[in-house]
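Structure at a glance
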Protein chains: 2
Amino acid sequence: MKLEKAAAQLEALGNPTRLQLYRILVRAGDGGLAVGSVQGKLDIPSSTLSHHLKRLVDTGLVTQERQATTLICRANYPGMNALIGYLADECCADATCAPAVGKALA
Amino acid sequence: MKLEKAAAQLEALGNPTRLQLYRILVRAGDGGLAVGSVQGKLDIPSSTLSHHLKRLVDTGLVTQERQATTLICRANYPGMNALIGYLADECCADATCAPAVGKALA
DNA sequence: ACGCTATTTCCATATTTTTCGAAATTGTGT
DNA sequence: ACACAATTTCGAAAAATATGGAAATAGCGT
């Protein structure tokens, strides 16, 4: 993973509304959630939600799939794993936390 | 960890310059690095560096300690571990990646 | 084709971030 | 007290982000 991409993903998650949005999608599980359903849970205008969603999709943290008129959104676990892996690598250049996190993402 | 704090830390890391800065501190290890030394490696004005550093310190990702006239900066591993733990928890509400990451931060 | 719902794009505005030169501050040694 | 080095604060400009109303688009059922 390149530093620029990691930074873009971190920035995407570094907004309370988007982090909440991502959380909602994660908790929705494999079934995902329609944009409209997410909007109901977040209670923000659709245009605002669309902007935030686009950011998460563009950075590879969320995927979308059409089902009739609704758009199903899903958290992209491999994308998040790659990001966590990058952070762990950066963090664990030192031994302090290497034993703990190193195993996980090997 | 609260969502707001996680978002603040993610946003702090979500800037290429700051992520690079954090990387440098991680690679410097326990000894840390003086602000001036970091500046030499990043080649940015001291005032700009100071702002970025402050952001990392304020969000709990970096610590500072005075040694004579120089300020030693260190990556705060527990802070990063807490953040990774939060991300892993969010990510692993689903089973897809729970087995792998769950063990690491238990 | 039409009507309906779901979602995005367009547009504008308020806010925040980024950047950095210049001045101020802090701490040490003499 | 003074000089010097290291770092921060001040102040200000440019750029990016966040937000949302209104209009446009996409896709399905009839």
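Residues numbered from 1 in each chain as written. Chains lettered and ligands numbered in written order. Predicted model: local features only at pLDDT ≥ 70, side-chain atom pairs only at ≥ 80, totals over all residues. Heavy atoms only, no water.

With an unreviewed UniProt entry as reference, chain A is termed Transcriptional regulator, source organism Mesorhizobium kowhaii.

Further remarks concern the protein's contact with DNA strand C. By nearness alone, 23 residues border DNA strand C, and G36 and L71 of chain A together with H51, H52 and R55 of chain B come closest of all. Take H51 of chain B: an N or O atom from its side chain is 3.0 Å from a base nitrogen of DNA strand C. Elements with a contribution of two residues or more to the surface near DNA strand C: α3 (35-42), α4 (46-58) and β3 (70-75) of chain A together with α4 (46-58) of chain B. For the surface near DNA strand C, the element with the highest residue contribution is α4 of chain B, accounting for five residues. The class makeup of the residues in the surface near DNA strand C is five nonpolar, 14 polar and four charged. (Near = heavy atom within 4 Å. Polar contact = N/O pair within 3.5 Å; in protein donor to acceptor, adjacent residues only side chain to side chain. Helix = DSSP H or I, 4+ residues; strand = E, 2+ residues; numbered from the N terminus. Nonpolar A, V, L, I, M, F, W, Y, C, P; charged D, E, K, R; others polar.)

All names here are of chain A. The three strands are arranged β1-β3-β2 in an open sheet whose pairing can be described as antiparallel. Pairing within the sheet leaves two strands with one partner each, and these edge strands are β1 (33-34) and β2 (62-67). This element, α4, spans β2 and β3 of the sheet and lies at about 115° to β2. (Pairing = 2+ DSSP bridges. Contact = heavy atoms within 4.5 Å. Axes fitted to C-alpha atoms, helices over the stretch in contact; angles between N-to-C directions.)

Within the structure, DNA strand D sits among 22 residues, and H51, H52 and R55 of chain A together with G36 and L71 of chain B are positioned closest to it. Of what DNA strand D places within 4 Å of the protein, 62% of the atoms are sugar or phosphate. A distance of 3.1 Å separates a base nitrogen of DNA strand D from a polar atom in the side chain of S47 of chain A. The side chain of R55 of chain A places a nitrogen or oxygen atom 2.9 Å from a phosphate oxygen of DNA strand D. For the surface near DNA strand D, the elements supplying multiple residues, two or more each, are α4 of chain A together with α3 (35-42), α4 and β3 (70-75) of chain B. By residue number, the principal contributor to the surface near DNA strand D is α4 of chain A, which donates five residues.

The next subject is helix α1 (residues 3-13) of chain A. Taken as a whole, α1 of chain A has its buried residues at L3, A6, A7, Q9, L10, A12 and L13 of chain A. On its buried face, α1 of chain A is in contact with α2 (16-28), α4 and α5 (77-91) of chain A together with α1 (3-13), α2 (16-28) and α5 (77-91) of chain B. (Buried < 20%, exposed > 50% of the residue type's maximum accessible area, 1.4 Å probe, protein only.)

Another point: unusual backbone geometry. The phi torsion at A68 of chain A lies on the positive side, around 60°, for a residue other than glycine. Take A68 of chain A: it is sitting in the loop between β2 and β3. Taking relative accessible area as the criterion, A68 of chain A reaches 71% and is therefore assigned exposed. Its identity as a non-glycine residue notwithstanding, D43 of chain B has a phi of 60°, on the positive side. Positionally, D43 of chain B belongs in the loop between α3 and α4. Here D43 of chain B falls in the exposed class, since its relative accessible area comes to 68%.

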